[in-house]
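# Commentary on secondary and tertiary structure
Chain by chain, the residues:
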Amino acid sequence: MAAPTVDSKASSMVTEAEARAVAEAARETEWTSPSFVAELFNGRLRMDLIHPHPEPDQEDAARAKPFLDRLAQFLRERVDADRIDREEAIPPEVVQGLKDLGAFGIKIPLEYGGLGLSQYHYAKAMQLVSSVCGSTCALLSAHQSIGVPQPLKLFGTTDQKKRYLPKLARGMVSAFALTEPGVGSDPAAMETTAVPTEDGAAWVLNGEKLWCTNGTIAEVMVVMARTPPRVVNGRERKQITAFLVETGWPGVEVVHRCDFMGLKGIENGVLRFTNVRVPKENVLWGEGKGLKLALTTLNTGRLTLPTSAVAAAKRCLQIVREWGNARVQWGRPIGRHDAVAQMIGSMAANTFALEAVAELCSLLADKGGYDIRLEAAIAKLYNSERAWSIIDDTVQIRGGRGYETADSLRRRGEKPVPVERIMRDFRINLIFEGSSEIMHLFIAREAVDRHLRVAGPLLDPHVGAGEKAVVLLRTVLFYALWYPSRYLAVPAFLKYSEFGRLAKHLRFVDRKSRALARAVFHAMVRFGPKLEQRQAVLFRLVDAGSELFAMAAACSRAMMLAKQGQPEAIEMADLFCREARRRVQGSFARVFSNDDVPTYRVATDVLDGKHAWMESGVA
Ligand SMILES: Cc1cc2nc3c(=O)[nH]c(=O)nc-3n(C[C@H](O)[C@H](O)[C@H](O)COP(=O)(O)OP(=O)(O)OC[C@H]3O[C@@H](n4cnc5c(N)ncnc54)[C@H](O)[C@@H]3O)c2cc1C
């Protein structure tokens with residue numbers, strides 16, 4: 001019998017419906033554990049899920065402290081981020097030093113030779129690294145957040161763990177290879193294939209992967225490939241499978257090292273696989289489970305980027321505090337001019353909120369029994385977007401020096417403040433590990449999940465008339481109870497009094513969570529199945545939900561810090577919530593009153609070349 005094959009030509013002709021089907025098949029469909037954000041989109045503020053604020057495990061904290069102290073010292077004394085940026089490489093002694101510290105096995109369990117630390121302390125370590133050098137953070141994070149250790153820990157067999165985890169903990173560099181020239185946000189068009197050998201003992205891997213971080217130096221990587229399709233319920237279903245691939249095997253080749261706007265020191269490349277024989281023991285989790293594995297890995301994997309955002313924001317705050325005092329123009333330190341002060345005040349409040357979001361998500365991930373997929377997606381989206389705006393303001397406050405490189409500043413005798421590099425290094429955070437647009441769509445999909453479960457079959461052309469009648473009745477009954485209850489509530493003034501000055505903000509979150517649930521429902525009724533195409537509408541709903549989550553996280557964290565002797569935290573949370581409320585109001589105001597349709601029309605005309613006349617006058 002001939003071994004099954006995969007038609008790689010057919011894969012590049014993926015329709016929108018096929019792409020959606022692949023994404024849907026990879027979704028985690030069940031909500032078995034509670035989620036604060038899922039409840040929020042359903043109109044219920046469940047502060048009990050995040051307040052009192054969770055705290056790190058004490059035993060874990062005690063073990064983490066000496067490591068974090070040594071790491072901080074190593075970073076201060078041995079990592080020269082400007083040199084890494086200039087020479088476009090992380091010196092081997094830095095990589096070795098990190099290996100010696102155990103920084104390649106932070107979350108790998110002790111029994112496999114790792115440090116066995118929690119997500120929370122892993123994030124603290126990444127925050128330290130990121131605050132000094134983005135490229136070094138990318139090296140460690142591509143290895144541990146998305147590279148081999150995390151999916152192996154979650155889905156590997158005991159044999160796979162024994163074979164790889166001890167080496168990975170000692171510093172065997174790993175990578176994660178999903179992206180291809182035709183596969184960015186949408187994995188359905190994947191052209192890398194793996195077919196079983198006739199004896200079933202191995203798979204033969206062929207294809208090319210793009211932008212694989214650590215790819216040029218990794219010894220082992222998780223590679224996603226299309227495997228032969230399966231027929232499920234009479235329909236052919238595409239399969240994507242994850243493989244553990246060693247780069248020393250015949251047929252694995254680095255064909256190009258990529259060079260980017262920032263993160264100059266990363267070892268990112270194009271990898272080619274030509275008839276690579278992968279033993280069947282190196283399938284990770286199971287045939288056809290690759291995409292689900294990638295998405296599940298990313299649920300916690302993408303928590304590193306929110307932490308990097310905190311690091312960048314804190315570094316910026318330090319820079320503007322110093323410069324805002326030192327730089328005198330028009331007879332005053334620039335920080336005392338209202339326009340600059342407004343930026344600094346807002347930066348401080350937002351930095352507080354970014355840390356609240358990042359820490360809360362890491363602690364919830366460690367707690368277990370909690371579904372963090374929505375929280376993690378919001379943390380990635382929200383923190384990277386807000387930190388980008390903080391960095392932008394920092395460039396503005398530093399004026400011309402914000403645009404000048406650290407090396408140039410140093411050469412002419414000024415303090416080499418690397419704002420220009422921070423900006424270059426940070427920009428990619430809004431694109432990789434789920435771009436901002438894809439995160440919006442992911443959150444929106446999960447936010448409407450409850451409604452789709454109830455009423456979804458009404459929109460499904462494959463559901464027969466009889467079944468639809470039953471679903472319709474069930475839907476009417478469900479909404480007869482659900483909808484009025486999204487208006488009714490215990491009078492707000494009776495709630496949240498233990499939050500003192502912040503109570504009014506939580507009452508706002510409480511009211512607006514019901515408004516959010518109603519708005520989601522109204523949007524579904526108004527646009528029906530076309531809502532999926534109205535991304536700008538969905539994005540505003542997601543933005544409102546994200547702000548409400550950040551407000552709740554900031555209030556919970558402020559109360560914890562105030563109790564621990566940091567009452568100033570209340571002021572930060574208060575200012576953040578004031579700002580966030582305006583953004584929430586703005587998002588709600590534009591859900592149905594907006595310029596989306598004329599804007600889409602102009603975009604279509606631009607794409608069709610009707611406005612090419614506007615492009616004249618450029619050389
Ligand atoms: C420095 C760097 C490191 C990377 N490291 C890795 C790695 O280690 N492993 C790996 O596998 N990949 C890696 N990547 C790839 C990265 O994950 C992708 O760049 C990312 O997934 C986006 O894919 P794309 O660039 O092809 O953009 P595309 O998917 O082509 O998207 C282009 C734009 O269109 C938007 N868009 C796409 N689809 C939609 C939609 N349905 N609705 C609305 N907007 C949409 C996107 O948000 C984006 O703005 C890396 C990339 C870079 C630059």
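Here's a quick rundown of the structure. Treat the numbers as computed from the prediction; the structure is a model and nothing was measured. (Residues numbered from 1 in each chain as written. Predicted model: local features only at pLDDT ≥ 70, side-chain atom pairs only at ≥ 80, totals over all residues. Heavy atoms only, no water.)

### Quick notes on the overall build of the protein chain
Summing up its helical and strand segments, the protein chain has 24 helices and 10 strands in all. Rg of the C-alpha trace for the protein chain: 25 Å, near the compact-globule value of 25 Å for 619 residues, within the 12% margin. Projected onto the principal axes, the alpha-carbon positions of the protein chain cover approximately 85 × 65 × 65 Å. Long-range pairs, those at least 24 residues apart, make up 76% of the contacts in the protein chain with a sequence separation of at least 6. The distance from the centre of the 81 positive side-chain charges to the centre of the 72 negative ones in the protein chain is 5 Å. (Helix = DSSP H or I, 4+ residues; strand = E, 2+ residues; numbered from the N terminus. Rg over C-alpha atoms; globule rule 2.2 N^0.38 Å. Contact = heavy atoms within 4.5 Å. Lys, Arg positive; Asp, Glu negative; His and termini not counted. Charge placed at Lys NZ, Arg CZ, Asp CG, Glu CD.)

### Brief notes about helix α4 (residues 58-78)
The terminal C-alpha atoms of α4, which comprises 21 residues, lie 30 Å apart, in line with the 30 Å expected from a rise of 1.5 Å per residue. The largest bend along α4 measures about 35° and falls at Ala-64, with the proline Pro-66 one to four residues further on. Among the residues of α4, those classed as buried are Asp-60, Ala-64, Phe-67, Leu-68, Leu-71, Ala-72, Phe-74 and Leu-75. Each element contacted by the buried residues of α4 is listed here: α6 (92-101) and α7 (119-132). At the N-terminal end of α4, a side-chain oxygen is found 3.3 Å from the backbone nitrogen of Glu-59, two or three residues along, and the residue is Asp-57. (Expected span 1.5 Å × (residues − 1). Bend = angle between axes of the 7 residues up to and from the residue. Buried < 20%, exposed > 50% of the residue type's maximum accessible area, 1.4 Å probe, protein only. Polar contact = N/O pair within 3.5 Å; in protein donor to acceptor, adjacent residues only side chain to side chain.)

### Considering the site of the ligand
In the neighbourhood of the ligand, 20 residues make up the surrounding shell, with Phe-176, Thr-179, Ser-185, Ser-435 and Glu-437 lying closest. Between a nitrogen atom of the ligand and a main-chain N or O atom of Phe-176, the distance comes to 2.8 Å. Within the complex, the protein chains bury 69% of what would otherwise be the 960 Å² of accessible surface of the ligand. Contributions of two or more residues to the shell around the ligand are made by β1 (174-177), β3 (202-213) and α18 (436-447). For the shell around the ligand, the residue count by class is 12 nonpolar, 7 polar and 1 charged. (Near = heavy atom within 4 Å. Areas by Shrake-Rupley, 256 points an atom, 1.4 Å probe, with all protein chains shown as cover. Nonpolar A, V, L, I, M, F, W, Y, C, P; charged D, E, K, R; others polar.)

### A word on the packing of helix α14 (residues 373-398) against helix α22 (residues 535-563)
Between α14 and α22, the least distance of the axes is 10 Å, while the angle of their chain directions is 95°. In terms of their interaxial angle, α14 and α22 are classed as roughly perpendicular. Between α14 and α22, the residues in contact are Glu-375, Ile-378, Leu-381, Tyr-382 and Arg-386 and Val-542, Ser-546, Glu-547, Phe-549 and Ala-550, respectively. (Axes fitted to C-alpha atoms, helices over the stretch in contact; angles between N-to-C directions. Parallel < 35°, antiparallel > 145°, perpendicular 65-115°, else oblique.)

### Some details on the nonpolar core
Counting residues in each nonpolar core, the largest one holds 99 residues, and the members touching the most others are Phe-36 and Phe-576. Of the residues forming this core, the biggest block, 18 residues, is contributed by α22. In contact with Phe-576, not counting residues within four places along its chain, are Ala-349, Asn-350, Ala-353, Tyr-382, Glu-547, Ala-550, Met-551, Ala-554 and Arg-583. In terms of nonpolar packing, the next biggest core, distinct from the first, is built from 49 residues, Tyr-112, Ile-146, Leu-205 and Ala-225 among them. (Core = buried A, V, L, I, M, F, W, Y, C linked by side-chain atoms within 4.5 Å.)

### Remarks on the packing of helix α21 (residues 503-527) against α22
Where α21 contacts α22, the two axes come as close as 10 Å, and the packing angle between them is 160°. Judged by the angle between their axes, α21 and α22 are roughly antiparallel. Note on packing geometry: the crossing formed by α21 with α22 is left-handed. Note on element contacts: α22 touches α21 through Val-537, Leu-541, Ala-544, Gly-545, Leu-548, Met-551, Ala-552 and Cys-555, opposite His-505, Leu-506, Phe-508, Val-509, Lys-512, Ser-513, Leu-516, Ala-519, Val-520, Ala-523 and Phe-527. Of the residues contributing to the contact of α21 with α22, the split by class is 15 nonpolar, 3 polar and 1 charged. (Left-handed = near helix turned anticlockwise from the far one by under 90°.)

### Notes on the pattern of salt bridges
Across all of its chains, the model carries 45 salt bridges by this definition. Its salt-bridge partner being Asp-85, residue Arg-424 comes within 2.8 Å of it at the nearest N-O pair. In this pair, Arg-424 is assigned in helix α17 (residues 419-426) and Asp-85 in helix α5 (residues 81-87), connecting sequence segments 339 residues apart. The exposure classification of Arg-424 matches that of Asp-85, with both residues buried. For Lys-610, the salt bridge is made with Asp-605, and the minimal N-O distance between the two is 3.4 Å. Look at the salt bridges and you will find they share partners, linking Asp-82, Arg-86, Asp-407, Arg-410, Arg-421 and Asp-425 into a network. (Salt bridge = Lys/Arg side-chain N within 4 Å of Asp/Glu carboxyl O.)

### Quick look at the environment of Val-419
Residue placement: Val-419 occurs in helix α17. Considering only alpha carbons, one finds Val-419 and Leu-152, 267 residues apart in sequence, at a separation of 37 Å. Excluding anything up to four places from it in sequence, Val-419 contacts Ile-319, Thr-394, Val-395, Arg-398 and Gly-402.

### Side note on the pairing of strand β5 (residues 235-246)
Strand direction decides the pairing type here: strand β4 (residues 220-232) and β5, joined by 11 bridges, are antiparallel. Along β5, the bridge assignment pairs Val-223 with Phe-243. Hairpin remark: β4 followed by β5, antiparallel, with 2 residues in the connecting loop; positive phi at Asn-233, about 50°. Bridge count between β5 and strand β8 (residues 283-284): 2 bridges; the pairing is antiparallel. Note on β8: the bridge partner recorded for Ala-242 is Leu-284. (Pairing = 2+ DSSP bridges.)

### Quick look at the pairing of β4
Strand direction decides the pairing type here: β1 and β4, joined by 4 bridges, are parallel. If you follow Ala-175 over to β4, its bridge partner there is Met-221.

### Some remarks on the side chain of Gln-119
Its location among the elements puts Gln-119 in helix α7. Separated by 2.9 Å, the side chains of Gln-119 and Lys-107 make a polar contact. Not counting residues within four places of it along the chain, the set of residues in contact with Gln-119 comprises Lys-107, Thr-300, Leu-303, Ser-362, Ala-365 and Asp-366.

### With respect to the packing of aromatic side chains
Under the definition given, this model contains 11 aromatic pairs. Arranged with centres 5.4 Å apart and planes meeting at 75°, the rings of Tyr-483 and Tyr-487 form a pair that is edge-to-face. On the accessibility criterion, Tyr-483 (24% relative accessible area) is partly exposed. Ring centres of Tyr-483 and Phe-521 lie 5.2 Å apart, and the angle between their planes is 45°; on these two criteria the pair is classed as tilted. Of this pair, Tyr-483 sits in helix α20 (residues 465-485) while Phe-521 sits in helix α21; the two residues are 38 residues apart in sequence, bridging distant segments of the chain. We classify Phe-521 as buried; its relative accessible area is 15%. Between Arg-398 and the ring centre of Trp-323, over which it is positioned, the NZ or CZ distance is 4.5 Å. (Phe/Tyr/Trp six-rings, centres within 6.5 Å; stacked < 30°, edge-to-face > 60°. Lys NZ or Arg CZ within 6 Å of the ring centre and 35° of its normal.)

### Quick word on helix α10 (residues 158-170)
For an α-helix the count is 3.6 residues per turn, leaving residues at separations of three or four pointing the same way. Its 13 residues place the ends of α10 18 Å apart at the C-alpha level, agreeing with the 18 Å of an ideal helix rising 1.5 Å per residue. For α10, the principal kink sits at Tyr-164 and spans about 35°; a proline, Pro-166, occurs within the next four residues. Listed as buried for α10 are Gln-160, Lys-161, Tyr-164, Leu-165, Leu-168 and Ala-169. Those residues of α10 that are buried lie in contact with α8 (134-146), α9 (149-155), β1, β4, β5 and β8. Trailing α10 by a residue or two, Gly-171 shows a phi angle of about 120°, which is positive.

The quantities given are spatial measurements derived from coordinates; they are silent on function.
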